[in-house]
Amino acid sequence: MAMLTVRNLPDEVHRALRVRAALHGHSMEAEVREILEAAVAPEGRVKLGSLLADIGKEAKLTDDEFAVFEQVRDKTPAKPVNFE
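Here, residues in each chain are numbered from 1, in the same order as that chain's written sequence. Given that this is a predicted model, residues contribute local features only at a pLDDT of at least 70 and side-chain atom pairs are listed and counted only at 80 or more, while totals for whole chains, interfaces and linings are drawn from all residues. In computing side-chain properties, one takes all heavy atoms of the structure into account and sets aside hydrogens as well as water.

A. Highlighting the pattern of salt bridges. Any carboxyl oxygen of Asp or Glu that lies within 4 Å of a side-chain nitrogen of Lys or Arg is treated as forming a salt bridge with it. Under the counting rule described, the total for this entry stands at three salt bridges. Among the salt bridges present, the one from Arg20 reaches Glu31, with a minimum N-O distance of 2.7 Å. Separated by eleven residues along the polypeptide, Arg20 in helix 1 (residues 11-24) and Glu31 in helix 2 (residues 28-40) bring together distant segments of the chain. Take Arg20: its relative accessible area is 39%, and that puts it in the partly exposed class. Glu70 serves as the salt-bridge partner of Arg73, at 3.5 Å between the closest nitrogen and oxygen. Numbering goes from the N terminus for both helices and strands, where a helix is a DSSP run of H or I of at least four residues and a strand is a run of E of at least two. For the exposure calls, accessible area comes from a 1.4 Å probe over protein chains only, and a residue counts as buried if that area is under 20% of its type's maximum, exposed if over 50%, partly exposed in between.

So this is what it looks like as structure tokens:
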């Protein structure tokens, strides 16, 4: 994973980050990671899980109908790719 060093961070910003992290129950480093991830996330991007959940809601599947998919789903782990 990449590392990032931020120099010349004003004391007020450092204190505010520390307080924000404490309020969220995170370390300051984890809080900064979360802020950066949110800042660069594309707006309006639909995640696959959300899309699939919406499709299920539109189809009005019952729990019993959904259970059929779980029963027939292949749960065998995928084989790793061999480039040799």
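B. Quick peek at the environment of Thr62. Assignment of secondary structure puts Thr62 in the loop between helix 3 (48-59) and helix 4 (63-72). Placed 30 residues apart in sequence, Thr62 and Val32 show a C-alpha to C-alpha distance of 41 Å.

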